[in-house]
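Reading the structure
Here is how the chains run, residue by residue.
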Amino acid sequence: MASKDEYTAAPFLPEDPEKATLTALRRAAAGCQGCPLHRDATQTVFGAGKAIAHVMLVGEQPGDQEDRQGKPFVGPAGKLLDRALAEAGIDPDDTYVTNAVKHFKFTQAEPKKRRIHKSPSLREMTACAPWLAAELALVEPELIVVLGATAGKALLGSSFKVTQVRGTVLEEEIHGRPERLVPTVHPSSVLRADDREAAFQGLVSDLKVAARVLA
């Protein structure tokens, strides 16, 4: 396990992650102890989807249902995201979905009480970055859809603000590779919105920008 001062997943990756398969990465990630989040999470939640996908969708971290099932975006936010993708003209089956952080971070008042999502820290995002870099290198997406502020900070730095760049096409170097990105809100924010339909249509509008890039 990494020591208190060594927040990094790097020692847990295959020897040459760019030559590994996604299956090998997923198997290696199951044993990751690169930061303290693994202690309370049920399991590592690695990315899922097409091995070579046109679109990679990057969220924040697994939620409660993802942590229990071991798959990303299988809870209410994931179902909403699939609906938004379809409405925007992006086939959910032609995507690879993952998170910037692979373990569920939460607070819990008592053992049987509901687990409440807690945003990962910059150290935790940085610790998990080698997994995301390896996924990007293998999937080689044409476009990255950045879902929310935490994913944006993990990919583009701590100054990222989703409200300033959502629905725009960015061209940046990510982990040493030139990438095109379209940032938008995380689908969970739509579920929390006072006007859920307006928030949903805003998400769809941003995803339509991504669809035009891919056309």
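For the structure itself, consult the block above.
Residues numbered from 1 in each chain as written. Predicted model: local features only at pLDDT ≥ 70, side-chain atom pairs only at ≥ 80, totals over all residues. Heavy atoms only, no water.

**With respect to the pairing of strand E8 (residues 177-184)**
Put simply, the test is: Pairing between strands is defined by DSSP: at least two bridges between the two strands are required. Every helix listed is a DSSP run of H or I at least four residues long, and every strand listed is a run of E at least two residues long, numbered separately from the N terminus.
Looking at chain direction, strand E6 (residues 143-147) and E8 are connected through four bridges and run parallel. Paired with valine 145 across the strands is valine 182, a residue of E8. Summarising the sheet, strand E7 (residues 170-174) and E8 pair through five bridges and their orientation is antiparallel. Residue pairing for E8: glutamate 173 is matched across the bridge by proline 178. Here E7 folds back onto E8 in antiparallel fashion, the turn holding two residues, of which histidine 175 has a positive phi close to 50°.

**A look at the nonpolar core**
How we decide: To qualify as a nonpolar core, a set must consist of buried Ala, Val, Leu, Ile, Met, Phe, Trp, Tyr and Cys residues joined through side-chain atoms within 4.5 Å. Note on exposure labels: buried denotes an accessible area under 20% of the residue type's maximum, exposed denotes more than 50%, and partly exposed covers the range between, all computed with a 1.4 Å probe on protein chains only. We call two residues in contact when some of their heavy atoms are within 4.5 Å.
In terms of nonpolar packing, the biggest core is built from 32 residues, with Trp131 and Leu155 touching the most fellow members. The set of elements that each furnish at least two residues to this core consists of helix H1 (22-29), strand E2 (55-59), helix H4 (122-139), E6, helix H5 (149-156) and E7. Per-element accounting of this core gives the leading share, nine residues, to H4. Leave out the neighbours within four places in its chain, and leucine 155 touches Val58, Leu132, Leu136, Ile144, Val146, Ile174 and Leu181. Judged by nonpolar contacts, the second largest core, of 24 residues, contains Leu143, Val182, Ala211 and Val213.

**Structural notes on the sheet that holds E6**
Basically, it comes down to this: With axes taken as lines fitted to C-alpha atoms, and helix axes fitted only over the stretch in contact, angles between N-to-C directions fall between 0 and 180 degrees.
Taken in spatial order, the six strands line up as E1-E3-E2-E6-E8-E7 in an open sheet, and their pairing is mixed. Two strands in the sheet have a free side with no partner beyond their single neighbour: strand E1 (48-49) and E7. Both E1 and strand E3 (residues 95-99) contribute to a ladder of two bridges, which runs antiparallel. When the sheet's bridge partners are listed, glycine 49 is paired in E3 with tyrosine 96. Against the sheet, H4 touches E2, E3, E6, E7 and E8, its axis set at about 170° to E2.

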